[in-house]
Amino acid sequence: MGELVASTRTMARVVESANPADPDARDRVLKTLEYLLSKTPLVMSSWTVFEPNAFDGRDQEFVNRLGYKEKGRFMGTFLKVNGKISRSFDIAEQMLASEEEAGSWYLNPLRSGKDTVTDPYFYNYTGVQGDDKFIASICIPVQRNGRVVGIAGMDVDLTSLKDVVSSLGGAGGAKAYLISSGGVVVSAPDQSIMGKPMDEVAKVRSAAEAVKSALTSGREVSFRGESLLGGESVLGVVAPVM
């Protein structure tokens with residue numbers, strides 16, 4: 001994840017350096033998003049969203065044109081599916097005004113000015129029923145003159161981590177789980193619990209407490225007893241991933 005955060009920071013700095021006086025600045029930034037998405041494995045989407053008139057002061061010229069919405073503000077998303085990249089138009093103005101829909105990936109980093117990696121969540125880029133993707137967003141503030149004016153981000157395809165995490169189980173029937181820092185299940189042998197809070201699915205408190213202890217201390221924690229989902233006796237090891 002550290003490398004992906006670094007790649008997203010690089011993208012944000014490129015977006016930040018765009019010359020607002022350049023009449024082609026929007027197109028140049030969009031091409032940058034598309035190119036970096038093509039070169040970054042495990043990432044499903046690259047995107048940027050600016051506050052109204054904060055990119056080039058030309059929002060009025062782009063109202064309901066060239067894929068921009070009713071305010072004309074600069075924003076763009078590219079989606080990678082099966083190696084093919086296309087522009088997505090999933091972000092709406094009403095979404096950006098909603099704490100529930102945009103709080104974690106836009107409003108919070110915009111207000112705090114801090115790099116943010118969201119907890120895992122399901123998101124639909126296409127509007128097609130059942131086409132939800134399991135992602136986590138890396139969100140980097142974009143600044144001008146010391147003020148945060150927008151966010152640039154990459155969405156990590158968490159389903160692509162499933163095989164990697166499963167392989168960590170190794171031989172002997174060992175099972176591997178990946179839990180986010182916020183306590184959300186990222187990957188597990190039982191895929192039905194992915195995206196759910198650990199406290200909601202854990203059937204054994206001692207195992208859950210070991211996970212919380214490792215997350216809080218940043219240190220490896222071992223426990224002996226029933227597994228997180230119960231039903232079997234295990235020697236468990238919980239190790240933070242930096």
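What you are looking at is a predicted structure, and each value in this text was computed from that prediction instead of being measured.

A. Structural context of helix α2 (residues 25-38). Its 14 residues place the ends of α2 20 Å apart at the C-alpha level, agreeing with the 20 Å of an ideal helix rising 1.5 Å per residue. Every buried residue belonging to α2 is among Ala25, Arg26, Val29, Leu30, Leu33, Leu36 and Leu37, and all of these are buried. Buried residues along α2 cover an arc of 135 degrees about the axis, so they all sit on one side. Exposed side chains of α2 directed beyond 90 degrees from the buried face belong to Arg28 and Lys31. For α2, the secondary structure elements touched by its buried residues are α1 (2-16), β1 (43-50), β2 (75-81), β3 (84-88) and β7 (147-157).

B. Broad picture of unusual backbone geometry. Even without being a glycine, Leu42 presents a positive backbone phi close to 70 degrees. Within the element layout of this structure, Leu42 appears in the loop between α2 and β1. Of the residues examined, Leu42 reaches a relative accessible area of 40% and is grouped as partly exposed. At Asn64, a residue that is not glycine, the phi angle is positive and equals roughly 55 degrees. Relative to the assigned elements, Asn64 resides in the loop between β1 and β2.

C. Region of the structure containing helix α4 (residues 99-112). Over its 14 residues, α4 extends only 14 Å from the first C-alpha to the last, a length that falls short of the 20 Å expected when each residue adds 1.5 Å. The sharpest bend along α4 measures roughly 50 degrees and falls at Trp105, with the proline Pro109 sitting one to four residues further on. Taken together, the buried positions of α4 are Ala102, Gly103, Trp105, Tyr106, Leu107, Pro109 and Leu110. Looking at the packing, one finds that the buried side of α4 touches β1, α3 (93-96), β4 (116-117), β5 (121-123), β6 (133-144) and β7.

The rules we used
Here the residue index of a chain counts from 1 through its sequence in written order. Given that this is a predicted model, residues contribute local features only at a pLDDT of at least 70 and side-chain atom pairs are listed and counted only at 80 or more, while totals for whole chains, interfaces and linings are drawn from all residues. Water and hydrogen atoms play no part in the side-chain values, which are based on all heavy atoms of the structure. In this description a helix means any DSSP run of H or I spanning at least four residues, a strand means any run of E spanning at least two, and both kinds are numbered starting from the N terminus. What a helix should span is 1.5 Å times the count of its residues minus one. Each residue is placed in one exposure class: buried if its accessible area under a 1.4 Å probe, protein chains only, is under 20% of its type's maximum, exposed if it is over 50%, and partly exposed if it falls in between. The arc under discussion is defined with respect to the helix axis, by the directions toward the C-beta atoms. Here a residue-residue contact requires only that any non-hydrogen atoms of the pair lie within 4.5 Å. Bend angle per residue: angle between axes fitted to the 7 residues ending at that residue and the 7 residues starting there.

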